[in-house]
Amino acid sequence: MSDLPLVLVVDDSALVAEALGVLLEATGYRVAAAGSVAEAVAAARVERPAAMLLDLTLPDGDGLAALRALDATGDAPGVTFALTGYDDPDTRARCLAAGCRDVLVKPVRAAALVAALGGAGVA
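A short tour of the structure in this document, coming up. Predicted, not measured: the structure shown is a model, and the values here were computed from it.

Cut-off values and rules
Residues numbered from 1 in each chain as written. Predicted model: local features only at pLDDT ≥ 70, side-chain atom pairs only at ≥ 80, totals over all residues. Heavy atoms only, no water. Salt bridge = Lys/Arg side-chain N within 4 Å of Asp/Glu carboxyl O. Helix = DSSP H or I, 4+ residues; strand = E, 2+ residues; numbered from the N terminus. Buried < 20%, exposed > 50% of the residue type's maximum accessible area, 1.4 Å probe, protein only. Contact = heavy atoms within 4.5 Å. Core = buried A, V, L, I, M, F, W, Y, C linked by side-chain atoms within 4.5 Å. Axes fitted to C-alpha atoms, helices over the stretch in contact; angles between N-to-C directions. Parallel < 35°, antiparallel > 145°, perpendicular 65-115°, else oblique. Left-handed = near helix turned anticlockwise from the far one by under 90°. Nonpolar A, V, L, I, M, F, W, Y, C, P; charged D, E, K, R; others polar.

**Description of the pattern of salt bridges**
Line of reasoning, step 1. Going through the model one piece at a time under the given rule, you end up with six salt bridges.
Line of reasoning, step 2. Ionic pairing is found between Arg94 and Asp62, a salt bridge with its closest N-O pair at 2.4 Å. Here Arg94, found in helix α4 (residues 89–98), pairs with Asp62, found in strand β5 (residues 61–62); they are 32 residues apart in sequence, far enough to count as distant.
Line of reasoning, step 3. The exposure class of Arg94 is partly exposed, given its relative accessible area of 38%.
Line of reasoning, step 4. Exposure remark for Asp62: the relative accessible area of 25% places this residue in the partly exposed category.
Line of reasoning, step 5. Taken together, the shared-partner salt bridges in this structure form one network comprising Asp11, Asp55 and Lys106.

What follows is the structure in structure tokens.
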């Protein structure tokens, strides 16, 4: 097993998940991916990621439902960042209230993503 921290990327776009995976692996992280709320909950419970990048719009519901389900059972990752195309105060407030550390607006810059993870102690 690797000592590199694991980041769970939750996005229904395989292209986005793959691009984030390449970036994260190149900067010293292991990556797991999920494309739905159900997959995110299952993967987080098995993989125990240090961090989760969570898209809000998933095919089976609001991405924050995954975070709420994981919080309810004590399985939430150490830190979760919402990853969304919505850049408005209501979305930000909803994400922070649900337990996200921050909201990263798509398209997120590589340096900003790596800095956010490092600033959260995921290194």
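Next comes the rest of the description.
**Quick notes on the environment of Ala93**
Line of reasoning, step 1. Tracing the sequence through the fold places Ala93 in helix α4.
Line of reasoning, step 2. Taking the C-alpha atoms as reference points, Ala93 and Val22, 71 residues apart in sequence, are found 30 Å from one another.

**Looking at the side chain of Thr80**
Line of reasoning, step 1. In this fold, Thr80 is placed in strand β6 (residues 79–84).
Line of reasoning, step 2. A relative accessible area of 2% places Thr80 in the buried class.
Line of reasoning, step 3. Dropping the residues within four chain positions of it, Thr80 is found in contact with Met52, Leu54, Leu67, Cys100, Arg101 and Asp102.

**Regarding the nonpolar core**
Line of reasoning, step 1. Among the nonpolar cores identified, the biggest contains 23 residues, and Leu8, Val10, Met52, Leu54, Leu64 and Cys95 are the most heavily contacted of them.
Line of reasoning, step 2. Every element with two or more residues in this core is listed here: β1 (6–10), β2 (30–34), α2 (37–47), β3 (51–55), α3 (64–72) and α4.
Line of reasoning, step 3. Leaving out residues up to four positions away in the same chain, Val10 has contacts with Ala34, Ser36, Ala40, Met52, Leu53, Leu54, Asp55 and Leu58.
Line of reasoning, step 4. Counting 16 residues, the second-largest nonpolar core is a separate cluster that includes Tyr29, Leu104, Ala116 and Val122.

**Examining the packing of helix α1 (residues 14–26) against helix α5 (residues 110–119)**
Line of reasoning, step 1. Relative to each other, α1 and α5 sit at 60 degrees, their axes nearing to 11 Å. Considered as vectors, α1 and α5 are oriented oblique to each other. Crossing handedness for the pair α1 and α5: right-handed. On α5, the residues that touch Leu20, Leu23 and Leu24 of α1 are Ala110, Leu113 and Leu117.
Line of reasoning, step 2. For the contact of α1 with α5, the residue count by class is six nonpolar, no polar and no charged.

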